[in-house]
Amino acid sequence: MSVTINTGVTLRGLNGAFRPAFMEAVTLWKMICSYIKSTGKDETYKWLGQLPTPTEWRGKRRTQALRDFGWSLTNLHWEETLLIDRDEYADDQTGQLNLRVQDMARRFAMHPDKILIDLIMAAEAAVCYDGQFFFDTDHVEGDSGAQSNDLTYDAAAPTAPTEAEFEAAFWQAIQALAGFKDDQGEPWNLFQSFEDLSGILCVVPVPFLRVASKVIGANAAALLNNSTNILAGKAKLMVNPRLTWTTKFMVAKVDDAMRPFIFQDRQAVEHEIKDDKEDKEIKYMADARYNVGYGLWQKAALTTFV
């Protein structure tokens, strides 16, 4: 008597495994990037760095044109193809192919993070919309005065700051964000209460995981240096293994529509299966068009322990 084992593995089932895994992936870019729906090959952002201020209406309206300079970001086309051997597909009785498709989807969903981390790592030497490095010590726009989002903090061991040193450096970065002014001398980032810290994201490399978790993590220690740790569970913490920093961390204000980085979406991810009987392999294909770029430097600050 022969028994047919139904593994449940079908091309339709494999195709259906992609979207849920793609949507469930935890990504940094969704936390820290402004989402812009693109309608062309590229987009130009002339509004970066400029906000009009309400004034008393006397006679004619006071008009203010967009800046002469703009920041352009070109969309790129990305693809990912998984080759599935026909015999492997026919013999799969444990759902391994389903797991591989889910992993493929997660990798595609997290690909913008790779672009983003490369931008962050290069930001001390990469020009943003104001013509200066994204992380720089002397940003100037109109009536803003000189402003720095490239900070330093003294630590006994820069690669291993103490909890007290990390806490003090974190507060220094928050105070820098709170003090930034636009080209009309108006505050960029309003901190009106302690609860506004919930809109702060702290991004650290793996070596800072322990100290950052103790200072600002959800399970941060109740006491620090014999005083109540008021930061516990307030700001958000993101540890990213792609960061190769050993002495740096970044804080960003991520609760505003305008954020430090831009995710520009031209074509959402599309996926399909190409099953050509003349080929030994089935192709599981996905592609999308997007790019990630610098947004407002006023929404982020880098700290280097020295």
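Calculation notes
- Residues numbered from 1 in each chain as written.
- Predicted model: local features only at pLDDT ≥ 70, side-chain atom pairs only at ≥ 80, totals over all residues.
- Heavy atoms only, no water.
- Salt bridge = Lys/Arg side-chain N within 4 Å of Asp/Glu carboxyl O.
- Buried < 20%, exposed > 50% of the residue type's maximum accessible area, 1.4 Å probe, protein only.
- pLDDT = per-residue confidence, 0-100.
- Contact = heavy atoms within 4.5 Å.
- Helix = DSSP H or I, 4+ residues; strand = E, 2+ residues; numbered from the N terminus.
- Polar contact = N/O pair within 3.5 Å; in protein donor to acceptor, adjacent residues only side chain to side chain.
- 1 Å grid on protein atoms, 1.4 Å probe; cavity = no way out; pocket = protein on both sides within 12 Å on 5 of 7 lines; lining within 4 Å.
- Points joined across faces, edges and corners; volume = space filled by probe spheres on them.

**So, the pattern of salt bridges**
Okay, so step 1: Evaluated as defined, the whole model comprises twelve salt bridges.
Okay, so step 2: Close ionic contact of Asp275 with Lys277 constitutes a salt bridge, the shortest N to O distance being 3.2 Å.
Okay, so step 3: Take Asp275: its relative accessible area is 29%, and that puts it in the partly exposed class.
Okay, so step 4: Among the charged side chains, a salt-bridge network with shared partners connects Lys253, Asp255, Asp256 and Lys299.

**As for the confidence of the model for the protein chain**
Okay, so step 1: Of the residues in the protein chain, 83% reach a pLDDT of 70 or more, and the chain-wide mean stands at 86.
Okay, so step 2: Under a pLDDT of 50 for its full length, residues 1–8 has, in the predicted model, three contacts with residues more than four places off or in other chains.
Okay, so step 3: For residues 220–227, every residue scores under 50 in pLDDT, and the model assigns this stretch 16 contacts once sequence neighbours within four places are set aside.

**Re the environment of Trp297**
Okay, so step 1: Relative to the assigned elements, Trp297 resides in the loop between β12 (281–294) and β13 (300–305).
Okay, so step 2: Along the chain, Trp297 and Asp136 lie 161 residues apart, while their C-alpha atoms are 8.9 Å from each other.
Okay, so step 3: Those residues in contact with Trp297, other than ones at most four positions away along the chain, are Cys128, Tyr129, Asp130, Phe134, His139, Glu141, Gln147, Asn149 and Phe180.
Okay, so step 4: Separated by 3.5 Å, the side chains of Trp297 and Tyr129 make a polar contact.
Okay, so step 5: Side-chain polar atoms of Trp297 contact the side chain of Asp130, separated by 3.3 Å.

**Overview of the layout of surface pockets**
Okay, so step 1: The calculated volume of the largest pocket comes to roughly 290 Å³.
Okay, so step 2: Secondary-structure elements contributing two or more residues to the lining of the largest pocket are β4 (76–85), α4 (96–122) and β9 (236–239).
Okay, so step 3: It is α4 that provides the largest number of residues to the lining of the largest pocket, a total of six residues.
Okay, so step 4: Considered as a void within the structure, the second largest pocket measures approximately 250 Å³ in volume.
Okay, so step 5: Residue lining of the second largest pocket: 17 residues in total, with Phe22, Trp29, Phe263, Asp265 and Val269 positioned closest to the centre.
Okay, so step 6: Elements represented by at least two residues in the lining of the second largest pocket include exactly α1 (11–24), α2 (29–32), α4, β11 (261–274) and β12.

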